[in-house]
Amino acid sequence: MPPNILSSSLQNASFNIIFQIGCRILTFLLNAFVLRHVSQAAVGVMNVRLLLLESTLIFLSREAFRRACLSKTSEHNWPKVVNLVWFTVPLCQVFCLIFGYIWLNVLSVPSTSITEHYTIGVWSIAISCIIEMCCEPVYIMAEAFLFVRLKVVMQTMLVLVRTVAFTSIVLHQQDAAVLAFSVAQVLSIAAYTVGYYVYFYFYMKNRLLERSELNNQTSKGRSSQRKDSIIGTVYDFPFNSLMEFLPSKCDDEPSIDYKMTKLTWSFFKQGMLKQILTEGERYVMTLFSVLSFEEQGVYDVVNNLGSMAARFLFRPIEDSAYFYFSQMIRRDLPIPKQDQKHVAECVLVLQRLLRCLLALGLVILVFGQAYSRLLLLLYGGSGLISGTGPLLLKTHCLSVFLLALNGITECYALATMDTKQLDRYNYVMVWLSIGFLCISWAFTKLLGGVGFILANCCNMAARINHSVQYISDQYKNTAFNPLHGVMPHRMYCTTLIISGIVTQLSEVFVSPYSLFGHFIIGAVCFLLTTIAWAFGERELVQLGLEKWKQRTTKSD
């Protein structure tokens, strides 16, 4: 096993968080621009109907392969992994035909007063998804061999190309928003895919040149101090040519790993259910037309704001944590039979993650109640605060709090379950999916958009309960208890309660007269809450400062 899986995972999470913050700021500005130049109905078509199609195709086509192929990467036969990953391309093509037909011929088509380019939008999503699947073998290798900065650069390029293309077209023709969305989608994915292959072409070319130079030096009796420079990653990169990223035959043995294929199938079955749970409200909106396109646009704007923490903070942490846990804990062995040093480290990491994310989720829940209206006003103008927007965002803060807990507990469970446990979990997900859809439909009929959020809260609470029960059972009769001590410090909780009361009073008595004064009060309360958290987590803060100093010293 590579010796620095934890440090590389932390670095991966750090770079991803920084990238996601930058992307969310850019997306925040782009959406603010869109809300002032594009109708809310067109926003509903793009951000709900078309992005739901993309999410469905991408998730079903590749999610299972990624999770299976990134489990215990040090034990992989990489030619077999490449062969397996290439199945994502034909699989995506089949899904494109199925769901493309549904989106064009079964679902209600937006009227021409909203957009004339809906068909082009559907086809652009399908084409871009197929192109993206062609990049999947290279992406898997980059993830497995910890090319952290490469991932950040490629995703940054994707966002920039998409943003520039979309805004350029909309500025010239405001009624062509869906067409601009379609062009930007294809261009950005094409640049993203080509960028990965170009990088690895030059990477492997330079690596071969360095290896040749090293061999020459060795043959002349010189010291081989530059040996590490040809490694470039945690352990030796097994590819020397782009042709090795294509499917190939394996001599005298099967061309794919059947054990990994079985694991992929388990993740695939689970992925279909998880997709329903993740995008359930959008499916209900799309299939049952419980909200108009304009109402869908408002809901999507609020949902994007409410899920900022999940997108740029929780998701990168979950992705890196999944990779870390899947490398350190074996799926097929009980805890007492595993390396106890690895288990102890994983338990500590899981405890710290849960404690920090719980504290962060509480901050979002408390401060979101007093500052949702101000955020919407700054984001989209008075149009967003005249209706149900503030109530939607306040309710969404509860969803974010539960999401913080669900993400890391479910991440650990999925990273350590064996195949049988994954299959059993699939049955649980079936019932959760059915219950979630029924609750979403009923709550939406009664409460409108707020019903979607409350149904999602019920769903996540059930998933948290299941994951917590799995973790408790896994460590039962052992010396470890990952769920012990995850509650934040008492001083932090007290400060947070006082801050919540003060900010709520400020919204009632200060906000109508001075928005800036209301903001300053919240900033002071947030600073005091942060200080209380740092005091309660002195060991963690000290550890972080020591790591930062070590990295600064090394860079100098």
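Our subject is the structure listed above.
Overview of the structure. Since we're looking at a predicted model, the values are computed, not measured.

A look at helix α15 (residues 419–447)
Link 1 in the chain: With 29 residues, α15 ought to run about 42 Å at 1.5 Å a step, and its terminal C-alpha atoms sit 40 Å apart, in line with that.
Link 2 in the chain: For α15, the capping residue at the N-terminal end is D418, with a side-chain oxygen 3.2 Å from the backbone nitrogen of K420.
Link 3 in the chain: Of the residues flanking the end of α15, it is G448, one or two places downstream, whose phi is positive at about 75 degrees.

Things to note about the side chain of N83
Link 1 in the chain: You can see N83 is positioned in helix α3 (residues 78–85).
Link 2 in the chain: In this structure N83 comes out as buried when scored by relative accessible area, which is 7%.
Link 3 in the chain: Apart from residues no more than four positions distant in its own chain, N83 is found in contact with L246, P247, S248, C250, S255 and I256.

A few points about the packing of helix α11 (residues 293–306) against helix α14 (residues 389–416)
Link 1 in the chain: Remark: α11 packs on α14, axes separated minimally by 9 Å, with the N-to-C direction vectors making an angle of 40 degrees. The orientation of α11 with respect to α14, classified from their angle, is oblique. The crossing of α11 and α14 is right-handed. Counting all contacts with α11, which are made through Y299, V302, N303, L305 and G306, the residues of α14 involved are G389, L392, L393, H396 and V400.
Link 2 in the chain: Here the residues of the contact of α11 with α14 sort into six nonpolar, four polar and no charged.

Side note on the environment of L354
Link 1 in the chain: As for its position among the elements, L354 is in helix α13 (residues 340–380).
Link 2 in the chain: Measuring from C-alpha to C-alpha, the distance between L354 and T409 comes to 7.9 Å, with 55 residues separating the pair along the chain.

A few points about the packing of helix α10 (residues 280–288) against α11
Link 1 in the chain: In the contact formed by α10 and α11, the axes pass within 12 Å of each other and the chain directions differ by 175 degrees. Classified by the interaxial angle, the pair formed by α10 and α11 is roughly antiparallel. On α11, the residues that touch E281, R282 and M285 of α10 are Q296, Y299, D300 and N303.
Link 2 in the chain: The residue makeup of the contact of α10 with α11, split by class, is two nonpolar, two polar and three charged.

Section: the nonpolar core
Link 1 in the chain: Grouped together as the largest cluster of nonpolar side chains are 148 residues, with contacts concentrated most on M141, Y196, F200, F237 and F325.
Link 2 in the chain: Ranked by residue count, the leading element in this core is α13, at 18 residues.
Link 3 in the chain: Residues contacting F237, with those up to four places away along its chain left out, are M141, F145, F147, F200, Y203, M204, R207 and F245.

Digging into the side chain of N406
Link 1 in the chain: Residue position: N406 is located in helix α14.
Link 2 in the chain: Ignoring any residue separated from it by four or fewer positions in sequence, one finds N406 in contact with C411, M460, R463 and I464.

Examining the pattern of salt bridges
Link 1 in the chain: The tally for this structure, following the rule as stated, stands at eight salt bridges.
Link 2 in the chain: Note that R62 and E132 form a salt bridge whose closest N and O atoms lie 2.7 Å from each other. Of the two residues, R62 is situated in helix α2 (residues 40–69) and E132 in helix α5 (residues 118–134); the sequence distance between them amounts to 70 residues.
Link 3 in the chain: On the basis of relative accessibility, which here comes to 14%, the residue R62 falls in the buried class.
Link 4 in the chain: Classification of E132 by relative accessible area gives buried; the value is 9%.
Link 5 in the chain: One salt bridge connects R66 with E136, and the closest N-O pair in it is separated by 2.4 Å. Here the residue R66 occupies a position in helix α2, and E136 occupies one in helix α6 (residues 136–144), the gap between them amounting to 70 residues. The same class applies to R66 as to E136, namely buried.

Re the environment of Q185
Link 1 in the chain: Among the structural elements, Q185 can be located in helix α8 (residues 177–219).
Link 2 in the chain: When its relative accessible area of 1% is taken as the criterion, Q185 is described as buried.
Link 3 in the chain: For the pair Q185 and V159, spaced 26 residues apart in sequence, the C-alpha to C-alpha distance is 9.8 Å.
Link 4 in the chain: If sequence neighbours within four positions are ignored, Q185 has contacts with E54, S124, I125, S128 and R162.

Thoughts on a nonpolar patch on the surface
Link 1 in the chain: A cluster of nonpolar side chains, F516, F519, I520, V524, L527, L528 and I531, forms an exposed patch at the surface whose accessible area comes to about 700 Å².
Link 2 in the chain: The class for F516 is exposed, based on a relative accessible area of 59%.

Cut-offs applied
Residues numbered from 1 in each chain as written. Predicted model: local features only at pLDDT ≥ 70, side-chain atom pairs only at ≥ 80, totals over all residues. Heavy atoms only, no water. Helix = DSSP H or I, 4+ residues; strand = E, 2+ residues; numbered from the N terminus. Expected span 1.5 Å × (residues − 1). Polar contact = N/O pair within 3.5 Å; in protein donor to acceptor, adjacent residues only side chain to side chain. Buried < 20%, exposed > 50% of the residue type's maximum accessible area, 1.4 Å probe, protein only. Contact = heavy atoms within 4.5 Å. Axes fitted to C-alpha atoms, helices over the stretch in contact; angles between N-to-C directions. Parallel < 35°, antiparallel > 145°, perpendicular 65-115°, else oblique. Left-handed = near helix turned anticlockwise from the far one by under 90°. Nonpolar A, V, L, I, M, F, W, Y, C, P; charged D, E, K, R; others polar. Core = buried A, V, L, I, M, F, W, Y, C linked by side-chain atoms within 4.5 Å. Salt bridge = Lys/Arg side-chain N within 4 Å of Asp/Glu carboxyl O. Patch = residues over 30% accessible without salt bridge, like charges linked within 9 Å, V, L, I, M, F, W, Y side chains within 5 Å. Areas by Shrake-Rupley, 256 points an atom, 1.4 Å probe, with all protein chains shown as cover.

It is worth stressing that arrangement in space is one thing and function is another; only the former is reported here.
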